[in-house]
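In case you want the letters, here they are:
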Amino acid sequence: LLLLTTPTLAQTYQPTPENMKNREWFQDAKFGLFIHWGVYSVLGDGEWVMNQQQIPVKIYEKIPTFFNPTDFDPKAWVQMAKAAGMKYITITSKHHDGFAMWDSKVSDYNIVKRTPYGKDVLKMLADECHKEGIKLFFYHSQLDWHSPDYFPRGSTGGSWTGRPESGDMNKYLDYMDAQLSELLTGYGEVAGIWFDGMWDKKNADWRLQKTYSLIHKLQPGALVGSNHHVTPFDGEDFQMFEKDLPGHNTTGFSGEQTVGALPKETCETINNSWGFNLKDDHHKSKKELVQYLVKAAGYGANFLLNVGPMPNGKIQPEHIASLKGVGEWLNVNGETIYGTRGGPLTARDWGVTTQKGNKVYVHLLNWFDESITIPSWGKKIKSATLFPGKTPIKFLENDYGITLKVPKASLDEIDTIIELELK
Ligand code: JFZ
């Protein structure tokens, strides 16, 4: 296939066997919970509020004094994720506002020192995740609107007061590496680091190799990914497609889509916001969420579904309810998602296919007739059954493809699944 890409940069990173094993785990896991939670949640206007409302650094620094999430219950979050069928959590350790959600020793701009709450929520969540067999990733912003050394300003950093007029980018990166070292040494197993923000200073030297090597040295199994919307860099372990399905490029992906090379992940919001947004009532339905998960799986990508917890530490009841709905669907149909890989057919208007061993699952996401002909991919079929229940259905293989007869009563609004067992 001509889709395969030729690496343009020398690849020097050699993932360890443990890292390779985690990449398989990651691809099997398929579904994770993304959490955007920080002091910005207090204002209920999303995680970009500092920039969008042009709040000067000195004023923004007052917000932590209002952050007191006394209802935060890591057990409840982890149980909610598990009930949704999620296998991992990716939480914002630091977003663009630069505020550390853990007990950082290299900066007192952190949750323990600056909030009335005074507790290390990342530690509390990490302990609970480890206890419950849920893997934990940290989203870590490279862009930092608070650090005095984050300079020269990037595209988003400069137009409000309180930002420095000069700075030392290398000093900032030392600080970032020091904070990452804390996260990778004090919080048990970290499944991965999810970077974001280097797009703010496209021409800066981000010293990526130094940072990535540090991570791989401290936790060789941790998976590194970055939301940079370009071809993956040496040292990355998975490829991100933010608000996008691999290959669709609806959000300005300007690199090569190395489909098939690295494990893939796509992330989306449960409403229209990442961080808690009081005005946002555009909650996605169970059907939309399940179909996004199934489509991602059809493309061989994980789905990282975001919630923005409220300032009191709770997750919006609407979101808890939608997640429960997805979990109920996965309880019945998870076999056709978990542990699968994308294909063998690429996505079609009617839906996608997933595969595992000698089984191919045909997911009809948008098909309401009683028969469908899909292209053949050169493998002979031994049996075709409805999933779940294994009720055999009629099928015909000929020069025109594979025709499947689906009883009307079995056509499902969300996903009609046919399991094909291959010879
Ligand atoms: C980033 C963040 O700015 C946002 O707040 C959120 O955390 C999201 C998950 O990630 O959003 C991006 C990142 C990269 C691009 C666009 C939005 N990009 O490269 O076009």
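Just above, that's the structure.
All values derive from a computational prediction rather than experimental measurement. (Residues numbered from 1 in each chain as written. Predicted model: local features only at pLDDT ≥ 70, side-chain atom pairs only at ≥ 80, totals over all residues. Heavy atoms only, no water.)

Chemist: Lay out the overall build of the protein chain in plain terms, naming residues and giving numbers.
Modeler: Each helix and strand counted, the protein chain has ten helices and 17 strands in total. The C-alpha atoms of the protein chain give 23 Å as radius of gyration, which agrees with the globular expectation for 423 residues (22 Å, within 12%). The principal-axis extents of the C-alpha atoms in the protein chain amount to approximately 70 × 50 × 40 Å. Residues counted as buried form 57% of the 423 residues belonging to the protein chain. (Helix = DSSP H or I, 4+ residues; strand = E, 2+ residues; numbered from the N terminus. Rg over C-alpha atoms; globule rule 2.2 N^0.38 Å. Buried < 20%, exposed > 50% of the residue type's maximum accessible area, 1.4 Å probe, protein only.)

Chemist: Which residues make up the packing of helix α7 (residues 169-185) against helix α8 (residues 208-218), and what are the values?
Modeler: Contact pair α7 / α8: the axes reach a minimum separation of 10 Å and the direction vectors enclose 15°. As far as their axial angle goes, α8 and α7 are roughly parallel. Judged by the twist between their axes, the crossing of α7 over α8 is right-handed. Every residue of α8 that contacts α7 at Asp-174, Met-176, Asp-177, Leu-180, Ser-181, Leu-184 and Thr-185 is listed here: Lys-210, Thr-211, Leu-214, Ile-215 and Leu-218. For the contact of α7 with α8, the per-class residue count stands at six nonpolar, three polar and three charged. (Axes fitted to C-alpha atoms, helices over the stretch in contact; angles between N-to-C directions. Parallel < 35°, antiparallel > 145°, perpendicular 65-115°, else oblique. Left-handed = near helix turned anticlockwise from the far one by under 90°. Contact = heavy atoms within 4.5 Å. Nonpolar A, V, L, I, M, F, W, Y, C, P; charged D, E, K, R; others polar.)

Chemist: Talk me through unusual backbone geometry; I want residue IDs and the actual numbers.
Modeler: For the bond from Gly-343 to Pro-344, the omega torsion is 10°, close enough to zero to count as cis. Within the fold, Pro-344 resides in the loop between β9 (341-342) and β10 (351-356). For the bond running from Phe-387 to Pro-388, omega is -5°, close enough to zero to count as cis. Mapping Pro-388 onto the fold places it in the loop between β13 (381-387) and β14 (391-392).

Chemist: Before we move on, can you summarise the site of the ligand with the specific residues and values?
Modeler: Around the ligand lies a shell of 13 residues, among which His-36, Glu-47, His-95, His-96 and Asp-196 are the nearest. His-96 is positioned such that a nitrogen or oxygen atom in its side chain is 2.8 Å from an oxygen atom of the ligand. Asp-196 places a side-chain nitrogen or oxygen 2.9 Å from an oxygen atom of the ligand. Starting from 450 Å² of accessible surface for the ligand in isolation, the protein chains cover 81%. (Near = heavy atom within 4 Å. Polar contact = N/O pair within 3.5 Å; in protein donor to acceptor, adjacent residues only side chain to side chain. Areas by Shrake-Rupley, 256 points an atom, 1.4 Å probe, with all protein chains shown as cover.)

Chemist: How would you explain the nonpolar core if you had to name every residue and give the values?
Modeler: Ranked by size, the top nonpolar core spans 86 residues in total, and within it Leu-33, Tyr-60, Ile-89, Phe-138 and Leu-323 carry the most contacts. Here the element with the most residues in this core is α7; it accounts for eight residues. What Tyr-60 contacts, discounting residues up to four positions off in sequence, is Val-39, Tyr-40, Val-49, Met-50, Ile-55, Asp-97 and Tyr-109. In this structure, Val-362, Ile-374, Leu-404 and Ile-418 belong to the second largest nonpolar core, which totals 18 residues. (Core = buried A, V, L, I, M, F, W, Y, C linked by side-chain atoms within 4.5 Å.)

Chemist: Outline the packing of helix α9 (residues 286-298) against helix α10 (residues 317-333), supporting the account with residue identities and numerical values.
Modeler: The N-to-C vectors of α9 and α10 enclose an angle of 50°; their axes lie 9 Å apart at closest approach. By the angle between their axes, α9 is oblique relative to α10. Here α9 and α10 pass one another in a crossing that is right-handed. Touching Lys-286, Leu-289, Val-290, Leu-293 and Val-294 of α9 are Ser-322, Gly-325, Val-326, Trp-329 and Leu-330, all from α10. Residue composition of the contact of α9 with α10, by class: seven nonpolar, two polar and one charged.

Chemist: Lay out the side chain of Asp-177 with the relevant residues and their values.
Modeler: Within the element layout of this structure, Asp-177 appears in helix α7. In contact with Asp-177, not counting residues within four places along its chain, are Arg-207, Lys-210, Thr-211 and Leu-214.

Chemist: If you had to explain the environment of Glu-61 to someone new, which residues and values would you point to?
Modeler: Within the element layout of this structure, Glu-61 appears in the loop between α3 (57-60) and α4 (74-83). Along the backbone, Glu-61 and Met-310 are 249 residues apart, and their C-alpha atoms lie at a distance of 19 Å. Setting aside chain neighbours within four positions, we find Glu-61 in contact with Tyr-109, Arg-114 and His-146. Side-chain polar atoms of Glu-61 contact the side chain of His-146, separated by 2.7 Å.

Chemist: So what about the pattern of salt bridges? Which residues, and what values?
Modeler: Applying the stated rule across the entire model yields 21 salt bridges. Linking Lys-171 and Asp-149 is a salt bridge whose minimum nitrogen-to-oxygen distance equals 3.6 Å. One end of the pair, Lys-171, is in helix α7; the other, Asp-149, is in the loop between β3 (135-141) and α7, and 22 residues separate them in sequence. One network of salt bridges, with partners in common, ties together Glu-24, Asp-28 and Arg-341. (Salt bridge = Lys/Arg side-chain N within 4 Å of Asp/Glu carboxyl O.)

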